[in-house]
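# A structural walkthrough
Listed below are the residues making up each chain.
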Amino acid sequence: MESVQTIIKTLLKNPTQIKSKSQAKQIHAHIVKSFPIFTTTLLSIYSKLNLLPESLLLFNTLPSPPILAWKSIIKCYSSTACFSESLNCFVKMRALGIYPDHNVFPSVLKSCTHLMYFKFGESVHACIIRVGLEFDIFTGNALLSMYSKLQRSSALQVFDESPERMTSDQNESILVSNNNNNKQLDLQMQSVRKVFETMEDRDVVSYNTLILGYAQSNMYNEAMLMIKDMGNANLKPDAFTLSNLLPIVAKHMDVWKGKEIHGYGVRHGFDQNEFITTGLSDMYANCNMVQDSYHLFSSLPKKDIVSWCSIISKHVQNGLFDEGLNLFRQMLTSNIKPVPISISSITPACAHLTTLPLGQQLHGYIIRNHFDKNIFISSSLVHMYAKCGNIKLAKKIFYQMNHHDLVSWTSMIMGCALHGHVHDSITLFEQMETELIRPNSVAFLAVLTACSHGGMVNEGLKFYEKMVKDYKLIPEFEHYACVVDLLGRAGELEAAFGFIKSLRENKRGGLWLPLLAACRVHKNVELGEKIEGYLWNFDDDEEKGAYVLLSNMYFDVGRYEDAGKVRGMMGKKMNGKEPGCSWIGIGNKVHAFISGDGFHSDYDGVIEALDILLQHMEKEGYVADKTCI
DNA sequence: GTAGGGTTAG
């Protein structure tokens, strides 16, 4: 058996040789007993292995810890996510007059970053300059990472400040638009770039950190240009570079660049790297290539919770709800324990499928596994119940939440809009504003939908104006369509026409369609014909819809010849409109009906039931509108 | 001693 002395000699020569917990513990027992002086060395080993309790046990036996002990405990705290404790130790160490060295600052800066302590981080930077370590590459990289993350979050979170802390400047910035947010990010990244430029020495990590900053600030071109700069500096992209780039490539749906990265990854042996594989899988799914995405996922030898969450959410986001649910079941049978993120990825599938029993089953699972306090999950449940028809339960879940964010407010506002609870939608929107949650374009869409469904023209127009003028948000097609619908339903057809004409030509596209529908309802053929002149810039689906509307409108007013002409044009131009489909869930089965198919197993029974219903309706005075038959 | 993957509302 080796003597204790031999073990310690080896240990002193090369402490990094010890790589397992049991090895370290064995040596611990020997040394603490016989050689208390080696406590610090052992502490550094525990710290490297991220064994916090063991490190603390040793640290607390030291009456006046030397610098190595401080360094070890600060590092161990920061790498086990105990960031406040890590900074507390740093402060204590400084108070004792111990000078930090180059090993200390990366951990301290990492803690500042995670705690979002910008001011403290700046004072640490000052300290780094005072002790002359600003050109240490590890410290420099950590500084770069800190400024990149904290400055970006300060650029994005101006609006989350509490009112009493808000200066008049920040109040002004409540009115700053999304676009200005981008400009802010641009400016912040310029200052991060300056930190990068002033570094004396740069390595792959420095480049990767800056690339990540650009990618997360949505600065696509800058991120890509960095790859060239890397090459000029004789540095090769590594696995981090690729996985930092993939999310922004995915966002920009640049599948060619994505494939280039994929090829580079394969050539350089990164195809087993789970970060890259998940990134690639995400990228393909974002580019509507779910098959390729699934293929990559399948190729992973070991699928962890993140890769499962990713593949499930991507199927759901691509409208493959059943497939998403199946993958979720597969994950459960593979003995992967779901985390909150996996639940919030799958709940929207139940919402879209509008199958309440499935949603309820999932809700039961959520309660049993104590996931019901998570804001993402609660928001998706609010949405699911509203979509599946149970607005009462949606409201109950919403009001039981501890705190509401933009998404949970929007889910509730939209839920009320769908159920015709228009006044609730408006009140909720105003409450959200008084709680200083800044509405975005989705929230405005929700409240505009409510106004349009409820025929509240003036309120709707006020919200639209508020969105554009006060919040400086750029309206999207859906917002325009809502305004047209709002005016159209209320019979203000000329106003709706004027509204569309006031927009730039390339924005008008599909907006004629809701107006045409309104013209039909209000039997305004004259305006309908005027709109016909604009049909040339419609896409195929819009054109089909428009022709159906036009011909029905002619029928309504008895102009059968014109209606026939339009029908004739339709026949020539297209293979017919896609038939309507409706479905109903009974028990665990979904029964689907496609217009005119007669395929349902109990078709005769359904028709019989419809006849009975019709008889009842006619008894109560219903007369069918047969004008367009 | 520094850097990387998954979630909710349209």
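Computed from a prediction, not measured in an experiment: that's the story for all the values here. (Residues numbered from 1 in each chain as written. Chains lettered and ligands numbered in written order. Predicted model: local features only at pLDDT ≥ 70, side-chain atom pairs only at ≥ 80, totals over all residues. Heavy atoms only, no water.)

### Concerning the overall build of chain A
On a plain count of helices and strands, chain A comes out with 35 helices and 2 strands. Looking at the 629 residues of chain A, the share that counts as buried comes to 45%. Excluding contacts between residues fewer than 6 apart, the proportion of contacts in chain A whose partners are at least 24 apart in sequence is 61%. With an accessible surface of roughly 33900 Å², chain A has 55% of that area assigned to carbon and sulfur atoms. (Helix = DSSP H or I, 4+ residues; strand = E, 2+ residues; numbered from the N terminus. Buried < 20%, exposed > 50% of the residue type's maximum accessible area, 1.4 Å probe, protein only. Contact = heavy atoms within 4.5 Å. Areas by Shrake-Rupley, 256 points an atom, 1.4 Å probe, with all protein chains shown as cover.)

### Let's talk about the protein's contact with DNA strand B
The immediate surroundings of DNA strand B are formed by 49 residues, with Asp 136, Phe 138, Asn 141, Ser 344 and Glu 476 found nearest. Of everything in DNA strand B that lies within 4 Å of the protein, sugar and phosphate atoms constitute 36%. Note that a base nitrogen of DNA strand B is positioned 3.0 Å from one of the side-chain N or O atoms of Ser 243. One of the side-chain nitrogen or oxygen atoms of His 383 is found 3.0 Å away from a phosphate oxygen of DNA strand B. Among the elements that make up the surface near DNA strand B, the one with the highest residue count is helix α18 (residues 305-317) (6 residues). For the surface near DNA strand B, the residue count by class is 18 nonpolar, 21 polar and 10 charged. (Near = heavy atom within 4 Å. Polar contact = N/O pair within 3.5 Å; in protein donor to acceptor, adjacent residues only side chain to side chain. Nonpolar A, V, L, I, M, F, W, Y, C, P; charged D, E, K, R; others polar.)

### Focus on the packing of helix α26 (residues 441-453) against helix α27 (residues 457-470)
Orientation of α26 relative to α27, taken along the N-to-C sense of each, is 165 degrees, at an axis distance of 9 Å. In terms of orientation, α26 lies roughly antiparallel with respect to α27. Considering the relative orientation of α26 and α27, their crossing is left-handed. In this structure, α26 contributes Ser 441, Phe 444, Val 447, Leu 448 and Cys 451 to the contact, and α27 contributes Glu 459, Gly 460, Phe 463, Tyr 464, Lys 466 and Met 467. For the contact of α26 with α27, a count of residues per class yields 7 nonpolar, 2 polar and 2 charged. (Axes fitted to C-alpha atoms, helices over the stretch in contact; angles between N-to-C directions. Parallel < 35°, antiparallel > 145°, perpendicular 65-115°, else oblique. Left-handed = near helix turned anticlockwise from the far one by under 90°.)

### Description of the UniProt feature "repeat: PPR" (unreviewed entry) in chain A
The feature "repeat: PPR" (unreviewed entry), as annotated in UniProt, sits at residues 203-237, 304-338 and 405-439 in this numbering. Helix makes up 74% of residues 304-338 and strand 0%, whereas the separation of the span's terminal C-alpha atoms amounts to 11 Å. Structurally, residues 405-439 comprises 74% helix and 0% strand, and the distance from its first C-alpha atom to its last is 10 Å. (UniProt positions renumbered as here; feature names shortened; annotations may be inferred.)

### Some thoughts on the side chain of Thr 113
Tracing the backbone shows Thr 113 in helix α7 (residues 104-115). A relative accessible area of 9% places Thr 113 in the buried class. Beyond its immediate chain neighbours, meaning those up to four positions away, Thr 113 contacts Ser 145, Met 146, Lys 149 and Leu 150.

### Topic: the environment of Met 93
Topologically, Met 93 is positioned in helix α6 (residues 83-95). Taking relative accessible area as the criterion, Met 93 reaches 0% and is therefore assigned buried. Sequence separation of Met 93 and Pro 65 is 28 residues, and the distance between their C-alpha atoms is 9.2 Å. Excluding anything up to four places from it in sequence, Met 93 contacts Trp 70, Ile 74, Ile 98, Pro 100 and Val 104.

### Considerations on unusual backbone geometry
A negative phi holds for most residues other than glycine; trans holds for most peptide bonds. Positive phi, close to 60 degrees, is recorded for Met 116, a residue that is not glycine. Structurally, Met 116 can be placed in the loop between α7 and α8 (118-130).

### Let's talk about the pattern of salt bridges
Following the criterion strictly, the structure yields 12 salt bridges and no others. Notably, a salt bridge pairs Glu 122 with Lys 119, separated by 3.8 Å at the nearest N-O pair. One end of the pair, Glu 122, and the other, Lys 119, are both in helix α8, 3 residues apart, so they sit about a helical turn from each other. Glu 122 gets classed as partly exposed once you look at its relative accessible area, which sits at 34%. Via salt bridges that share partners, Glu 529, Arg 559, Asp 562 and Lys 565 belong to a single interconnected network. (Salt bridge = Lys/Arg side-chain N within 4 Å of Asp/Glu carboxyl O.)

### Some thoughts on the confidence of the model for chain A
Caution applies to low-pLDDT regions: their predicted coordinates should not be interpreted in detail. Of the residues in chain A, 88% have a pLDDT of 70 or more, and the chain-wide mean is 86. Confidence drops under pLDDT 50 across residues 158-178; counting only partners more than four residues distant or on other chains, this segment forms 28 contacts. (pLDDT = per-residue confidence, 0-100.)

### Comments concerning helix α22 (residues 375-387)
Counted at 1.5 Å a residue, the expected span for α22 with its 13 residues is 18 Å, and the 18 Å between its end C-alpha atoms agrees. Among the 13 residues of α22, 10 are classified as buried, and the element is accordingly described as predominantly covered. Those residues of α22 that fall on the buried side of the exposure criterion are Ile 375, Ile 377, Ser 378, Ser 379, Ser 380, Leu 381, Val 382, Met 384, Tyr 385 and Ala 386. Close packing links the buried residues of α22 with α20 (340-353), α21 (356-368), α23 (391-400) and α24 (406-418). The N-terminus of α22 is capped by Asn 374, whose side-chain oxygen sits 2.8 Å from the backbone nitrogen of Phe 376. (Expected span 1.5 Å × (residues − 1).)

### Considering the packing of helix α5 (residues 67-79) against α6
Running from N to C, α5 and α6 cross one another at 160 degrees; their axes reach a closest spacing of 7 Å. Put simply, α5 runs roughly antiparallel to α6. The interaxial crossing formed by α5 with α6 has left-handed handedness. Of the residues in α6, those in contact with Trp 70, Ile 73, Ile 74, Tyr 77 and Ser 78 of α5 are Phe 83, Glu 85, Ser 86, Cys 89, Phe 90, Lys 92 and Met 93. For the contact of α5 with α6, the per-class residue count stands at 8 nonpolar, 2 polar and 2 charged.

### Quick look at the packing of aromatic side chains
Applying the stated criterion across every chain yields a total of 15 aromatic pairs. Consider the rings of Phe 90 and Phe 105, whose centres lie 6.1 Å apart with planes at 70 degrees: the pair is edge-to-face. With Phe 90 in helix α6 and Phe 105 in helix α7, this pair connects stretches of sequence that are 15 residues apart. For Phe 90, a relative accessible area of 5% translates into the label buried. On the basis of an interplanar angle of 80 degrees and a centroid distance of 6.1 Å, the ring pair of Phe 118 and Tyr 147 is categorised as edge-to-face. With Phe 118 in helix α8 and Tyr 147 in helix α9 (residues 137-156), the pair connects residues that are 29 residues apart, well separated along the chain. Here Tyr 147 falls in the buried class, since its relative accessible area comes to 8%. Residue placement shows Lys 259 over the ring face of Trp 256; its charged tip is 5.2 Å from the ring centre. Lys 303 extends its terminal NZ or CZ atom over the ring of Phe 297, reaching a point 5.5 Å from the ring centre. (Phe/Tyr/Trp six-rings, centres within 6.5 Å; stacked < 30°, edge-to-face > 60°. Lys NZ or Arg CZ within 6 Å of the ring centre and 35° of its normal.)

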